[in-house]
Amino acid sequence: MEWVQDAKAGLQAISTLERDALHIYIALAIHLTACWVFRLKLRDVWPWIIVLAMTLTGESVDLRNSLLTQGDRAWQNSFHDLWNTMVLPTVLLLVARFTTLFAPEDEGASGELAETSGDEA
């Protein structure tokens, strides 16, 4: 799967971003795209799972290739990439689930939309 490494190197060259920054931006793009495509909210766990699955898939390919050239250091690099990639999606999930930061104004603390009777006090 040398083409994967070539694609990543090409993306890095085009974007002029460091490899670690690319991990963060790609994870965020996958997370938000999954929310949009599947019409899910940030507080739903499925977009986070999709990012994790794609990250583990990508890291398994990287690890397979890196074990041949880097030996035991490849495991450390792979863990670093996994950690770096999953930090922002995890923070978004936790903030969306346990705070009201991303909640609509008429949404209560329970996460349900508040019912309005139409009567004024």
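Everything below is about the structure printed above this text.
Sequence order sets the numbering: in each chain, residues are counted from 1 along the sequence as written. Two thresholds apply to this predicted model, a pLDDT of at least 70 for residue-level local features and 80 or more for giving and counting side-chain atom pairs, whereas whole-chain, interface and lining totals are computed over all residues. With hydrogens and water set aside, each side-chain value is computed from the structure's full complement of heavy atoms.

Participant: For this particular structure, what's the right way to read the layout of surface pockets?
Facilitator: A probe matching the size of a water molecule, rolled over the atoms, marks out where space remains unfilled. The rule is simple: put a 1 Å grid over the protein atoms alone, call a set of points where a 1.4 Å probe fits but cannot get out a cavity, call an open set with protein on both sides within 12 Å along at least five of seven lines a pocket, and count a residue as lining if it has an atom within 4 Å of a point. Grid points are joined across faces, edges and corners, and a volume is the space filled by probe spheres set on the points. If you add up the space inside the largest pocket, you get close to 800 Å³. Every residue lining the largest pocket is counted, 31 residues in all, and those nearest its centre are K8, H23, G58, E59 and D62. The helix and strand labels rest on DSSP assignments: H or I over at least four residues marks a helix, E over at least two residues marks a strand, and numbering proceeds from the N terminus. Only α1 (2-15), α2 (19-37), α3 (45-70) and α4 (73-98) provide two or more residues apiece to the lining of the largest pocket. Here the lining of the largest pocket gets 12 residues from one element, more than from any other, and that element is α3. Here the nonpolar group is Ala, Val, Leu, Ile, Met, Phe, Trp, Tyr, Cys and Pro; Asp, Glu, Lys and Arg are the charged ones; every other residue, Gly included, is treated as polar. Taken together, the residues that form the lining of the largest pocket break down as 13 nonpolar, 13 polar and five charged.

Participant: Looking at this model, I keep getting lost on the pattern of salt bridges. Mind explaining?
Facilitator: Where charged atoms of side chains with opposite charge meet at close range, the side chains can pair. A carboxyl oxygen of Asp or Glu within 4 Å of a side-chain nitrogen of Lys or Arg is what we treat as a salt bridge. With the rule as written, the count across this model stands at one salt bridge. The partner of R19 in a salt bridge is D81, with the nearest N and O atoms 2.5 Å apart. Taken together, the residues span a long stretch of sequence, with R19 in helix α2 and D81 in helix α4 at a distance of 62 residues. Burial classification: accessible surface area is computed with a 1.4 Å probe over protein chains only, and a residue below 20% of its type maximum counts as buried, one above 50% as exposed, and the rest as partly exposed. Owing to a relative accessible area of 36%, R19 belongs among the partly exposed residues under this scheme. On the accessibility criterion, D81 (2% relative accessible area) is buried.

Participant: What exactly am I supposed to notice about α4 here?
Facilitator: Since the α-helix advances by 3.6 residues per turn, residues separated by three or four positions end up pointing in the same direction. Expected span of a helix, by definition, is 1.5 Å for each gap between consecutive residues, and there is one gap fewer than residues. Over its 26 residues, α4 runs 37 Å from end to end, which matches the ideal 38 Å to within 8%, given 1.5 Å per residue. Throughout, the bend at a residue refers to the angle made by two axes, fitted to the seven residues ending there and to the seven starting there. Largest kink in α4: about 35°, centred on V87, with the proline P89 one to four residues after it. When we look at burial in α4, the residues that qualify are A74, S78, D81, N84, T85, M86, P89, L92, L93 and A96. Taken together, the buried residues of α4 touch α2 and α3. Note on contacts: a residue pair qualifies if any of its non-hydrogen atoms lie within 4.5 Å across the two residues.

Participant: Mind showing me how you'd approach the packing of α2 against α4 here?
Facilitator: For any two helices packed against each other, the geometry comes down to the angle between their axes and how far apart the axes lie. Put simply, α2 and α4 touch, their axes get as near as 9 Å, and they point 40° apart. One finds that α2 runs oblique with respect to α4. Where α2 crosses over α4, the two elements pack in a sense that is right-handed. Here R19, D20, H23, I24, A27, L28 and H31 of α2 come into contact with α4, specifically with H80, D81, N84, T85, L88, P89 and L92. For the contact of α2 with α4, a count of residues per class yields six nonpolar, five polar and three charged. Geometry is summarised by axes, namely lines fitted to C-alpha atoms with helices restricted to the contacting stretch, and by angles between N-to-C directions that run from 0 to 180 degrees. In this scheme, roughly parallel covers angles under 35 degrees and roughly antiparallel covers those over 145, while 65 to 115 is roughly perpendicular and the rest are oblique. Take the far helix as your reference; a near helix turned counterclockwise from it by less than a right angle gives a left-handed crossing, and one turned clockwise gives a right-handed crossing.

Participant: Would you explain α1 in this entry?
Facilitator: With 14 residues, α1 extends 20 Å between its outermost C-alpha atoms, agreeing within 8% with the 20 Å of an ideal straight helix rising 1.5 Å per residue. In the stretch just after α1, T16 is the one whose phi turns positive, near 60°.

None of the figures reported here should be taken as evidence of function without further support.
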